[in-house]
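# A structural walkthrough
Listed below, chain by chain, are the residues.
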Amino acid sequence: MARVPYFDPDRAEGPRAKAAFGRIGANPANIFRMLSHSGEMIDGWTKLGTQILTYSSLDPKLREIAIIRTGVMMKSDYEVFQHR
């Protein structure tokens, strides 16, 4: 169970936040539901993530290894679980 309640996308305010949820879809991943507490900044988060995933020259398998390794080093069980 999350320590902070998940954000309800239907409560998104502001044009940038609403547009970001329009791109994310009807069932956003939990990370987006948490990042949404940042309000209008969710738009920037989703754009940054899209740019990294789309235009990075890093091999996808290597990227996942780096994410998992960082999660292990930071003792972030949730992050490791999500990327295994």
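Each chain carries its own residue numbering, running from 1 in the written order of its sequence. With pLDDT at 70 or above as the cut-off, local features in this predicted model cover only qualifying residues; side-chain atom pairs require 80 or more to be listed or tallied, and sums for whole chains, interfaces and linings still use all residues. Only heavy atoms go into the side-chain values, all of them from the structure, while hydrogens and water stay out.

### Considering the overall build of the chain
Helix numbers and strand numbers start at the N terminus; a helix is a DSSP run of H or I with at least 4 residues, a strand a run of E with at least 2. Tallying secondary structure elements over the chain gives 5 helices and 0 strands in all. The linear arrangement of helices and strands in the chain, starting from the amino end, is α-α-α-α-α. By its C-alpha atoms, the chain is 35 × 35 × 20 Å across when sized along the principal axes. A buried classification covers 15% of the 84 residues belonging to the chain. Contacts are residue-level and defined by heavy atoms, with any inter-residue pair within 4.5 Å sufficient. The contacts of the chain with a sequence gap of at least 6 include a subset with a gap of at least 24, amounting to 42%. Carbon and sulfur atoms form 60% of the exposed surface of the chain, whose accessible area is close to 6700 Å². In this count, Lys and Arg are taken as positive residues and Asp and Glu as negative ones, while His and the chain termini are left out. The location of each charge is read from NZ of Lys, CZ of Arg, CG of Asp or CD of Glu. Distance between charge centroids for the chain: 4 Å, based on 12 positive and 9 negative side chains. Only protein chains enter the calculation, and the probe is 1.4 Å; a residue is then buried if its accessible area is under 20% of its type maximum, exposed if over 50%, and partly exposed in between. Shrake-Rupley sampling with a 1.4 Å probe provides the accessible areas, and residues are treated as covered by the protein chains on show and by no other component.

### Focus on unusual backbone geometry
Phi at Lys75 takes a positive value of approximately 55 degrees, unusual for a residue other than glycine. With respect to the element layout, Lys75 can be found in the loop between helix H4 (60-73) and helix H5 (77-83).

### Focus on the environment of Phe81
With respect to the helices and strands, the residue Phe81 is situated in helix H5. By relative accessible area, which is 62% here, Phe81 ends up exposed. Between the C-alpha atoms of Phe81 and Val4, which are 77 residues apart in sequence, the distance is 19 Å.

### Overview of the packing of helix H1 (residues 15-24) against helix H3 (residues 42-55)
One can describe the packing of H1 onto H3 by two numbers: an axis separation of 8 Å at closest approach and a directional angle of 40 degrees. Taken as axis vectors, H1 and H3 run oblique relative to one another. Where H1 abuts H3, its residues Arg16, Ala17, Ala20, Arg23 and Ile24 lie against Ile42, Asp43, Gly44, Thr46 and Lys47. A class-by-class count of the residues in the contact of H1 with H3 yields 4 nonpolar, 2 polar and 4 charged. Between N-to-C directions, angles span 0 to 180 degrees; the directions come from axes that are lines fitted to C-alpha atoms, helices contributing only their stretch in contact. Here the angle decides the label: under 35 degrees means roughly parallel, over 145 means roughly antiparallel, 65 to 115 means roughly perpendicular, and every other value means oblique. Here the term charged refers only to Asp, Glu, Lys and Arg, the term nonpolar to Ala, Val, Leu, Ile, Met, Phe, Trp, Tyr, Cys and Pro, and the term polar to all other amino acids, Gly among them.

### A few points about the packing of aromatic side chains
The pairing test for Phe, Tyr and Trp rings, Trp by its six-membered ring, is centres within 6.5 Å, and the orientation test on the planes gives stacked under 30 degrees, edge-to-face over 60, and tilted for anything in between. Tallied over the entire structure, the rule returns 1 aromatic pair. Measuring from ring centre to ring centre gives 6.2 Å for Phe7 and Phe21, while their planes differ by 15 degrees; the resulting arrangement is stacked. Linking Phe7 in the segment before H1 with Phe21 in helix H1, this pair joins segments that are 14 residues apart in sequence. This pair shows no difference in class: Phe7 is buried, exactly as Phe21 is.

### Considering the environment of Ile42
Along the polypeptide, Ile42 turns up in helix H3. In the structure, Ile42 is positioned 24 residues away from Lys18 in sequence and 9.4 Å away in space, judged by C-alpha atoms. Beyond its immediate chain neighbours, meaning those up to four positions away, Ile42 contacts Ala17, Ala20, Phe32, Leu35 and Ser36.

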